[in-house]
Amino acid sequence: MQRNFKMVATTMFGLEEVLATELKQLGAQDVEVGVRSVTFYGDKGFMYKANMSLRTAIRILKPIKSFRVYDEEDLYKKLQTIKWEQYMKVDSTFAIGAVVNSKNFTSNSHYISLKSKDAIADYFRHKYHKRPNVDLKYPDVKIHVHIQKDGCSVSLDSSGDSLHKRGYRSSTNIAPINEVLAAGLVLLSGYTGNGNFIDPMCGSGTILIEAAMIACNIPANINRKEFAFEKWDDYDEDLYFLIQDVLLKKITNPHFKIMGFDKAPSAVRKAKENIENANLADFIGVHHVNFFNSVKEVFGHTTILFNPPYGERLSIDTEEFYKKIGDTLKHGYPGTTVWFITSDVQALKHVGLRTSKRIALKNGDLDCKFVKYEMYEGSRKEKKATQ
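Below: a short report on this structure. (Residues numbered from 1 in each chain as written. Predicted model: local features only at pLDDT ≥ 70, side-chain atom pairs only at ≥ 80, totals over all residues. Heavy atoms only, no water.)

**Some thoughts on the overall build of the chain**
And then number 1: A count of helical and extended segments in the chain gives ten helices and 15 strands.
And then number 2: Against the 2.2 N^0.38 benchmark of 21 Å for 387 residues, the chain shows a C-alpha radius of gyration of 23 Å, consistent with a compact globule.
And then number 3: Taking all 387 residues of the chain together, 51% fall into the buried category.
And then number 4: As displayed, the chain offers around 19000 Å² of accessible surface, 48% of which is attributable to carbon and sulfur atoms.
And then number 5: Between the averaged position of the 54 positive side-chain charges in the chain and that of its 46 negative side-chain charges there is a distance of 3 Å. (Helix = DSSP H or I, 4+ residues; strand = E, 2+ residues; numbered from the N terminus. Rg over C-alpha atoms; globule rule 2.2 N^0.38 Å. Buried < 20%, exposed > 50% of the residue type's maximum accessible area, 1.4 Å probe, protein only. Areas by Shrake-Rupley, 256 points an atom, 1.4 Å probe, with all protein chains shown as cover. Lys, Arg positive; Asp, Glu negative; His and termini not counted. Charge placed at Lys NZ, Arg CZ, Asp CG, Glu CD.)

In structure tokens, the structure reads:
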């Protein structure tokens, strides 16, 4: 029987609780929410499953050592106390990622990465008279060093490339939304494939693809070519494919429409290409439509979720643009739950609708609000009276 060990899943600000819920549903043990991270316990097979399945994780780390650290030289010495031959060979290639948030360290993360690299290389040189090489693009082992105040955690990165790189997106528009954030928005909205779904400003189709993968219960990273753990000495290929087969057998077909609109023909082309890459062309329809000239054409409850252009992405008349969003929703989309994300919080007052929920998120470096509107059939008063 495999032994459980501690892991850390990193994520984006505001998605920690969503990720914790995903982990619990997947079967993780002792789940604890942190800042932009969630710790949990599981065995080797669960680590494989987490990398394949989690929609809101950026990477899955396996901690190997924690210690107090007071400056760069102390870090160098402490890193040399780790028995590195347990995790890599002298002829392995490696890379270091570092995050530093400490007043004890005057240097930046890049310098800490270099100092950590020297410590590991010198460890092998002193012991075996040979040092492993660094390969930043395709390392055999990727190591993560995280320093918070006087605490340092050293981990193996089981994911490799960030898990937002799903493997389906070959075409993008200006400032495309990150796949992890897109999936997080869909999960925060409560959409699970239980109704129609529309992205009325779909761009290159990322939100649509993530929504369809959720509706079909398709593992988030099933299209990825490789995970870092596949290069580890203890990689169990039979176990990996067994878990993959079990996950694939749980895929279902949704019974509702998933649709995207965009007024730019180039965006529609890119979205269709990405949808094809994700093998989801049978489940998603994309149309060359200006949302402001559209009305709801599907029956039953519908979730609308979109990422409208901000001032940072496109030059627009903000007041007029957000007023048009509100007018189009009011007159054309009764019986819908509407969500959208924006960094222009002041512009929300021009929508002319009352939000029923606001969630603070980050889109890259931008502080954003993810807002919800309920568009009732008939007036709000009539709806309340009926209830």
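**Regarding the sheet that holds strand β10 (residues 258-262)**
And then number 1: The seven strands are arranged β11-β10-β9-β12-β13-β15-β14 in an open sheet whose pairing can be described as mixed. With one partner strand each, in any of the chains shown, β11 (284-288) and β14 (357-363) form the two edges of the open sheet. Looking at each pair of strands side by side, their axes are set apart by 20 degrees on average, direction ignored.
And then number 2: Helix-sheet contacts for helix α5 (residues 179-189) involve β9 (196-199), β12 (302-306), β13 (336-342), β14 and β15 (366-375), and the interaxial angle to β14 is about 170 degrees.
And then number 3: Packing against the sheet, helix α8 (residues 265-277) makes contact with β10 and β11, and its axis sits at approximately 165 degrees to β11. (Pairing = 2+ DSSP bridges. Axes fitted to C-alpha atoms, helices over the stretch in contact; angles between N-to-C directions. Contact = heavy atoms within 4.5 Å.)

**So, the packing of aromatic side chains**
And then number 1: Evaluation of the coordinates by the stated rule reveals 23 aromatic pairs.
And then number 2: Ring centres of F229 and Y240 lie 5.9 Å apart, and the angle between their planes is 55 degrees; this geometry places the pair in the tilted category. With F229 in the loop between α6 (206-216) and α7 (237-249) and Y240 in helix α7, this pair connects stretches of sequence that are eleven residues apart.
And then number 3: A relative accessible area of 7% means that Y240 is categorised as buried.
And then number 4: Here the aromatic rings of F291 and Y333 are separated by 5.6 Å at their centres, their planes lie at 40 degrees, and the arrangement is tilted. Of this pair, F291 sits in the loop between β11 and β12 while Y333 sits in the loop between α9 (318-332) and β13, and the two are 42 residues apart along the sequence.
And then number 5: These aromatic residues form a ring-pair network of at least three members: F291, F292, F306, F321, Y322, Y333, F340 and Y373.
And then number 6: In this arrangement the basic side chain of K62 is found over the ring face of F5, its NZ or CZ atom lying 4.4 Å from the centre. (Phe/Tyr/Trp six-rings, centres within 6.5 Å; stacked < 30°, edge-to-face > 60°. Lys NZ or Arg CZ within 6 Å of the ring centre and 35° of its normal.)

**Some remarks on the environment of G335**
And then number 1: Considering the arrangement of structural elements, one finds G335 in the loop between α9 and β13.
And then number 2: For G335 and T302, which are 33 residues apart along the polypeptide, the C-alpha to C-alpha distance reads 6.9 Å.
And then number 3: Dropping the residues within four chain positions of it, G335 is found in contact with K296, G300, H301, T302, M375, Y376 and E377.

**Section: the sheet that holds strand β5 (residues 93-101)**
And then number 1: A sheet is described by the order of its strands in space; here eight strands give the open sequence β2-β3-β1-β4-β8-β7-β5-β6, paired in mixed fashion. Each end of this open sheet is capped by a strand with a single partner; those strands are β2 (29-33) and β6 (133-134).
And then number 2: Where β5 meets β6, two bridges bridge the pair, whose relative direction is parallel. Bridge assignment links F94 to a residue of β6, and that residue is V134.
And then number 3: In this fold helix α3 (residues 72-79) packs onto β4 (59-68), β7 (141-148) and β8 (151-157), with an angle of close to 105 degrees to the strand it touches most, β4.
And then number 4: Against the sheet, helix α4 (residues 109-128) makes contact with β5, β6 and β7, and its axis sits at roughly 135 degrees relative to β5, the strand it touches most.

**A word on α8**
And then number 1: Between its first and last C-alpha atoms α8 spans 19 Å; for 13 residues at 1.5 Å apiece the expected length is 18 Å, and the two agree.
And then number 2: Looking at α8, one finds that the buried residues are A267, V268, A271, N274 and I275. One side of α8 holds all its buried residues, which, seen down the axis, span an arc of 130 degrees. Those residues of α8 that are exposed and angled more than 90 degrees off the buried face are R269 and E276.
And then number 3: As for α8, its buried residues are in contact with α6, β10 and β11. (Expected span 1.5 Å × (residues − 1). Arc of directions from axis to C-beta.)

**Description of the pairing of β9**
Within a regular strand, the side chains alternate between the two sheet faces.
And then number 1: What you see with β9 is no split at all: N196 and I198 on one side and F197 and D199 on the other are buried throughout.
And then number 2: Summarising the sheet, β9 and β10 pair through three bridges and their orientation is parallel. Bridging from a neighbouring strand, I198 pairs with M259 of β10.

**Quick look at the pattern of salt bridges**
And then number 1: One pass over the full model with this rule turns up 15 salt bridges.
And then number 2: Between D367 and K362 there is a salt bridge, with the nearest N and O atoms lying 2.9 Å from each other.
And then number 3: By relative accessible area, D367 is classed as exposed at 54%.
And then number 4: Each of the salt bridges in this network shares a partner with another, and the network as a whole consists of K323, D327 and K330. (Salt bridge = Lys/Arg side-chain N within 4 Å of Asp/Glu carboxyl O.)

**Digging into the packing of helix α2 (residues 44-53) against α7**
And then number 1: Running from N to C, α2 and α7 point in directions that differ by 50 degrees, and their axes come no closer than 10 Å. In this view, α2 runs oblique relative to α7, as classed from their interaxial angle. Helix-helix and strand crossings are classified by hand; for α2 and α7 the assignment is right-handed. In contact with K44, G45, Y48, K49, M52 and S53 of α2, α7 contributes L239, Y240, I243, Q244 and L247.
And then number 2: Partitioning the contact of α2 with α7 into residue classes produces six nonpolar, three polar and two charged. (Parallel < 35°, antiparallel > 145°, perpendicular 65-115°, else oblique. Left-handed = near helix turned anticlockwise from the far one by under 90°. Nonpolar A, V, L, I, M, F, W, Y, C, P; charged D, E, K, R; others polar.)

**A short note on the state of the cysteines**
And then number 1: In the structure shown here, the tally under the stated rule is zero disulfides.
And then number 2: The thiol sulfur of C216 is not disulfide-bonded, and the nearest other cysteine sulfur, from C202, lies at 17 Å.
And then number 3: Residue classification places C216 among the buried positions, given a relative accessible area of 0%.
And then number 4: Free of any disulfide, C368 has its nearest neighbouring cysteine sulfur in C202, separated by 19 Å.
And then number 5: Taking relative accessible area as the criterion, C368 reaches 2% and is therefore assigned buried. (Disulfide = S-S within 2.5 Å.)

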